[in-house]
Amino acid sequence: MASFYEKFVAFGVDNDYMKYVDYIPGHWTDYSSSSSSSDSAGLERLLRLFQSACLILTSYPPLVATLLPSSWPSSSHLAVETSLRQLQSRFNITRRWLRLFRFLEPLQAGWRLYRAENKTLEMWVDAHAKTCFGMFGLLESVTLFDLIDVDHLEIWGREMAVQINVDAQRFWFIALYLSALSSGIKLFRIFSSSRSKQEQAAEVIEDEKDAKRDDKQGEKLSVEEKVKEERKRRKQELAKINQMTTQHGLDLLASLLDLVIPASILGWVDVAPILVGLAMFTTSIITGAAVWKRSARQLEQRA
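Below, the structure is looked at part by part. Being a predicted model, the structure only gives us computed values, none of them experimental.

Side note on the nonpolar core
One recurring pattern in soluble globular proteins is that nonpolar side chains are buried together.
Consideration 1: Of all hydrophobic cores here, the largest spans eleven residues; its members are Leu55, Phe136, Leu139, Ile164, Ala168, Trp172, Leu176, Leu259, Ile261, Val276 and Met280.
Consideration 2: For this core, the secondary structure elements donating two or more residues are helix H6 (121-142), helix H7 (158-213) and helix H10 (273-302).
Consideration 3: In terms of residue count, H7 provides more of this core than any other element does, four residues in total.
Consideration 4: Core analysis: the next-biggest nonpolar cluster, separate from the first, contains seven residues, Leu57, Val64, Leu84 and Phe91 among them.

Some words on the packing of aromatic side chains
Consideration 1: Scanning the entire structure with this criterion turns up five aromatic pairs.
Consideration 2: Seen from their ring centres, tryptophan 97 and phenylalanine 145 are 5.6 Å apart, and the 85° between their planes marks the pair as edge-to-face. Taken together, the positions of tryptophan 97 in helix H4 (residues 75-98) and phenylalanine 145 in the loop between H6 and H7 put the pair 48 residues apart, joining distant regions of the chain.
Consideration 3: Geometrically, the ring pair formed by tyrosine 114 and tryptophan 124 is edge-to-face, given 6.2 Å between the ring centres and 65° between the ring planes. Linking tyrosine 114 in helix H5 (residues 104-115) with tryptophan 124 in helix H6, this pair joins segments that are ten residues apart in sequence.
Consideration 4: Residue classification places tyrosine 114 among the partly exposed positions, given a relative accessible area of 28%.
Consideration 5: Residue tryptophan 124 is classed as partly exposed on the basis of its relative accessible area, which comes to 38%.

Rules used throughout
The residue count restarts for each chain, going from 1 along the sequence in the order it is written. Local features in this predicted model are restricted to residues whose pLDDT is 70 or higher, and side-chain atom pairs enter the listing and the counts only when it is 80 or higher, whereas totals over whole chains, interfaces and linings include all residues. Side-chain descriptors were evaluated using all non-hydrogen atoms of the structure, hydrogens and water having been removed beforehand. For the purposes of this section, nonpolar cores are sets of buried Ala, Val, Leu, Ile, Met, Phe, Trp, Tyr and Cys residues that join through side-chain atoms within 4.5 Å. Partly exposed describes any residue whose relative accessible area lies between the buried limit of under 20% and the exposed limit of over 50%, with all areas from a 1.4 Å probe on protein chains only and scaled to the type maximum. A run of H or I in DSSP becomes a helix once it reaches four residues, and a run of E becomes a strand once it reaches two; helices and strands are each numbered from the N terminus. Here the aromatic set is Phe, Tyr and Trp, taking the six-membered ring for Trp, and pairing holds for ring centres within 6.5 Å; pairs whose planes are under 30 degrees apart are stacked, those over 60 apart are edge-to-face, and all others are tilted.

Next comes the structure, spelled out in structure tokens:
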């Protein structure tokens, strides 16, 4: 059993390639890559959590005053707020460095999905979503040097870099929308298949009843063993379905909440900054928890 410290270290240096695992009634298909990414997904999620916390605090100044000691003068509140805004900017730039080459992963994953045979609807949607995620990351990466405030170091210029980043938000919005749509389709497939699973379970129960009515002891034991094996298999299948349902449900929730961020930046919706911060904080926990579980699972497998 891995300790909390070991899990935290693995979380901070997590380099695993995010798998694309799709449920199709009757089987699972894994389109993951054997290669690993060059970024630290867990560390990036942690910094995103800190950035969202700074956004929440600076969006509601009375909250900052509440958290500060009462002995501090009121003039210090403005200084703390300024520091939090600077921290928020530093966290954002640091996260961009960690994601510098991440755009290659979704572009590669999208290309593999395009080339896959017998594509389902959600695979088509995922292919476009990953491509848009890749374009979003690419546009963010090419403007990084224009945003680090180093004298005489710029590629596009400040104004052009800002415009490119706005275009990146459009790709992010489309990617999140398609990702949410894909998660919804996968959930629908799982729920629609539950009826057939229930019918199969009813058949197993009926077989068990027939076995009990059997007069021949040998045949009765043979049928009961088959029923037990079938029940065990169905139980494992149900556990896997529940796991996938939870995963896709959280993915759907995270995508829908994250939609608020690019939509507010683009001016499509009028949302208070504190609500944007809360959405960002929530999705950081959801996606960070997925990285944590993956890191812990890998530690358990290596133990």
